[in-house]
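Chains, contacts and geometry: an overview
One-letter residues, chain by chain:
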Amino acid sequence: MDRRKFIKRTGAAAAGLFAAPYILPSGRLFAASGAQLAQHVVFVLFAGGVRQQESVLQRYLGDAQADDVEGNILYNMLDGAPPSEKIVYGTGLGGINPIQSILGQTLQQQGTLFREMRAVSAGHFGGLNSLLQGNTAATQGLQQKPLNPTIFEYLRRHGGIPASKTWFIGNTIGNSVPLLNYSLHPNYGAQYGANFFAPNVTFGPAGDQYLSDAKVYHPQDQLMPIYEMKAFLDNSFENLGTAPTSIGNTPEEKQDIKAFMAEMFTKTQNGTIAHPPVNDSGDLSTVGYACEVMKWFKPALTVVNMSGVDGCHSSFTGYLAAMHRADHAVGHLWDHIQNQIPEMAGNTVIIAIPECGRNAQPNAIRDQNDWYSFDHSDSNSLRVFGMMAGANVPSNLSIGGEGNQVGIVTDVVPTIAEILGVKSEVMGAGLLEPGTQSLFDRF
Amino acid sequence: MRSQRSLANGPAGFLLLALLFATGCKKEAFIYEVDTVDLAQFDGSKDREKTNQEYAAILHANLFQTALSANDLYKIDQCIQSIGDKQLAREVIISNFMNKPGVIIPSDSSMHANVDGFIIDTYNRFLVRQPTEAEKTWFRNSIAADPNVTAELIYFSFALSEEYLFY
């Protein structure tokens, strides 16, 4: 080889080294290729089964009961005058004092409202799965982890997002909610899962008894030897059963989460959790802790689940109160992001969609106001609204309407993927419900 | 001659030959003083994962040598369910147990006085089996090499190990 060839080849090799693909911790070869519309997404599972009639259609008692009283009870989310009489959804005896709006401008004005979308399941778990998997989850078992990858896994695998940057905050450990942080899909699964807390349990009485008094070990001098010995023991063990769950928090992330937990126990004891102004339900309490998670971790994706409205199976009055509180929770979340978390203010998109609606016709149960209750199993249960606001979301835009469904609930998965820059990877995975597309493509 | 030939070819000759075969050279069986070794897996083929309540009950028994009430087990189960990273949840629960009075852990001086005995006891207590020679050697070396490795940390690592999650 002559000198010229040698220099040429050496130069080419050096250039190749510089241009070589960067392998992310997630295992992907290249960083996400799509441009991000925002750095953070907060996805509110406005769940429990919300009828269009009492939410976006603002019919209050006019459709469900014999009383001809209409009006808007979602003060933070929707434009519209509240009911003028028979107020039962607020605070105080009989719920006569509505909770004042937190936001100066409704989310409808700040963002885009899909007035009527199609839900794909009339059940809670199926509905939640459709929102997180982007699939109908037709073969999904009730006490089974998602069969197809969740949005958490898509983001972590294709976006290289660390575990502590994806959070699922559940309002309960019942109804299989804790199963939703990752799927059983062989190409995704636990290693790409989200962190999960059910704060009312984790930081409630049980957690206070068994989680709050953790001995603090030195990360290097004590925890590292523990992890080394554990690794040796694990290597010696031929695991014949199911692999134990690990969502891939690094030791540093674990330390950070433990520190967060310690802080939450202190704040809970001191009564300084960032709860909404009115905090008289499990949903509202959950949202307070969700605010704390966002403030501490600044996640790329935070999913918050609520379900108080499901009391509508036996109490229409309770349903109205829970829906009013869910709106209060959403308003508080958005306000907290804008005013208390500077890293996320102006750089976050909020999305809120119910997982299913409720029946057109009531069941036989009447509540204390002699109002009929509603289950969820008919075609009316497949009518829901969708809403998003924030960075790069068109403001004051309303799409579709009664009798003109635009969008499917499964659309939320590619929508979040588009906001966070991995839309093409998610669409390319081929695991979404046919016809599913980003809500940005529905405009 | 004729009668002698017939005797050798007859039944008596056959019997004689058979006797010679039966009592003749025999291959000697040598024993080299090696015990019979059971080739089953040393981890005891643990293939069933403990439930959260089973885990908590056994952990508490191993650390405190007392039983937890059903109500306590139920609450610990809820705590584990409420945290997505199960290993993290177990770490926090073990850390809480370690912070409570009544934990029964050998002192570090007794561990150093009889390292092999400590290792064997720990394997028996947590993993319900004898350690292999390789395992004994590894832990012996770790204890000798790192002054930070205490009996408590070793107990912690066993309680956190995958094998401890199975039975």
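Residues numbered from 1 in each chain as written. Chains lettered and ligands numbered in written order. Predicted model: local features only at pLDDT ≥ 70, side-chain atom pairs only at ≥ 80, totals over all residues. Heavy atoms only, no water.

1. Description of the overall build of chain B
Which entries qualify depends on this criterion: Numbering of helices and strands runs from the N terminus; a helix is a DSSP stretch of H or I covering at least four residues, while a strand is a stretch of E covering at least two. A 1.4 Å probe rolled over the protein chains alone gives each residue an accessible area, and that area as a share of the maximum for its type sets the label: buried under 20%, exposed over 50%, partly exposed in between. The contact criterion used is simple: two residues touch if any of their non-hydrogen atoms lie within 4.5 Å.
Scanning chain B for helices and strands turns up 9 helices and 0 strands. Reading the helices (α) and strands (β) of chain B from amino to carboxyl end gives α-α-α-α-α-α-α-α-α. Relative to its 167 residues, chain B shows a buried fraction of 42%. Expressed as a percentage of contacts within chain B between residues at least 6 apart in sequence, the contacts between residues at least 24 apart total 72%.

2. Details of unusual backbone geometry
Residues and elements named next belong to chain A. In this structure, K86 is a non-glycine residue whose phi angle is positive, near 55°. Within the fold, K86 resides in the loop between β1 (40-46) and α2 (107-110). Unlike most non-glycine residues, N396 shows phi in positive territory, near 55°. Structurally, N396 can be placed in the loop between β7 (383-390) and β8 (397-399).

3. Re the interface of chain B and chain A
Rule in force here: Accessible area that two parts lose when put together, evaluated with a 1.4 Å probe and summed over both, is termed the buried area. Salt bridge, as used here: a side-chain nitrogen of Lys or Arg that lies within 4 Å of a carboxyl oxygen of Asp or Glu. We define a polar contact as two N or O atoms separated by no more than 3.5 Å, with the added condition that, inside protein, one atom must be a possible hydrogen donor and the other a possible acceptor, whereas residues neighbouring each other in sequence contribute only through side-chain atom pairs.
Contacts between the two partners involve 52 residues from chain B, matched on the other side by 45 residues from chain A. Summing both sides of the interface, chain B and chain A together bury roughly 4500 Å²; the carbon and sulfur share of this comes to 63%. It is S82(B), L153(B) and E162(B) in chain B that bury the most area against chain A; as a group they hold 12% of the surface buried on that side. Between the two partners, chain B and chain A, sit 3 salt bridges. Ionic pairing is found between K258(A) and E91(B), a salt bridge with its closest N-O pair at 2.5 Å. At the junction of chain B and chain A, the tally comes to 19 residue pairs in polar contact (both at pLDDT 80 or more). When residues of the side of chain B that touches chain A are traced back to their parent elements, those giving at least two are α4 (70-81), α5 (86-98), α7 (115-127), α8 (133-145) and α9 (151-160) of chain B. Among the elements that make up the side of chain B that touches chain A, the one with the highest residue count is α5(B) (11 residues).

4. Things to note about the pattern of salt bridges
In a structure, side chains of opposite charge can pair up when their charged atoms sit close to one another. One pass over the full model with this rule turns up 24 salt bridges over all chains. For K254(A), the salt bridge is made with E91(B), and the minimal N-O distance between the two is 3.3 Å. Residue K254(A) is located in helix α8 (residues 251-270), and its partner E91(B) is located in helix α5; the two belong to separate chains. Its relative accessible area of 8% is what places K254(A) among the buried residues. Here E163(B) and K46(B) are joined by a salt bridge, their closest N and O atoms 2.7 Å apart. A residue pair is termed long-range when its members are at least 10 positions apart, and E163(B) in the segment after α9 and K46(B) in the loop between α2 (11-23) and α3 (52-64) qualify at 117 residues. Shared partners join several salt bridges into a network, and the residues in it are R51(A), E54(A), R59(A), D63(A), E116(A), R383(A) and E402(A).

5. Quick notes on the pairing of β1(A)
Residue and element names in this part refer to chain A. Quick reminder of the rule: Two strands are said to pair when DSSP picks up at least two bridges between them.
Of all the 7 residues making up β1, 7 are buried; the element is thus mostly covered by neighbouring parts of the structure. Residues H40, V42, V44 and F46 line one face of β1 and the alternating positions V41, F43 and L45 line the opposite face, and both faces are buried. In this sheet, strand β6 (residues 348-353) lies alongside β1 in parallel orientation, the contact comprising 6 bridges. In the strand pairing of β6, V42 is matched with I350. For β1 and strand β5 (residues 301-306), the ladder comprises 6 bridges, and the chain directions are parallel. Counterpart to V41 in the pairing with β5 is L301.

6. Focus: the environment of L68(B)
Looking at the secondary structure, you find L68(B) in the loop between α3 and α4. Taking relative accessible area as the criterion, L68(B) reaches 17% and is therefore assigned buried. Sequence spacing of L68(B) and M111(B) is 43 residues, and the spatial spacing of their C-alpha atoms is 27 Å. Residues within four places of L68(B) in sequence aside, it is in contact with Y210(A), A56(B), H60(B), L73(B), I76(B) and F97(B).

7. Topic: the pairing of strand β3 (residues 166-169) of chain A
Residues and elements named next belong to chain A. Of the two faces of β3, both are covered, the one formed by T166 and F168 as well as the one formed by W167 and I169. In the sheet, β3 pairs with β5 via 4 bridges, with the strands oriented parallel. Looking across to β5, one finds that T166 is bridged to L301. Of the pairings in the sheet, the one linking β3 to strand β4 (residues 195-197) comprises 3 bridges and is parallel in character. When the sheet's bridge partners are listed, F168 is paired in β4 with F196.

Function cannot be read off these values alone, since they describe shape.
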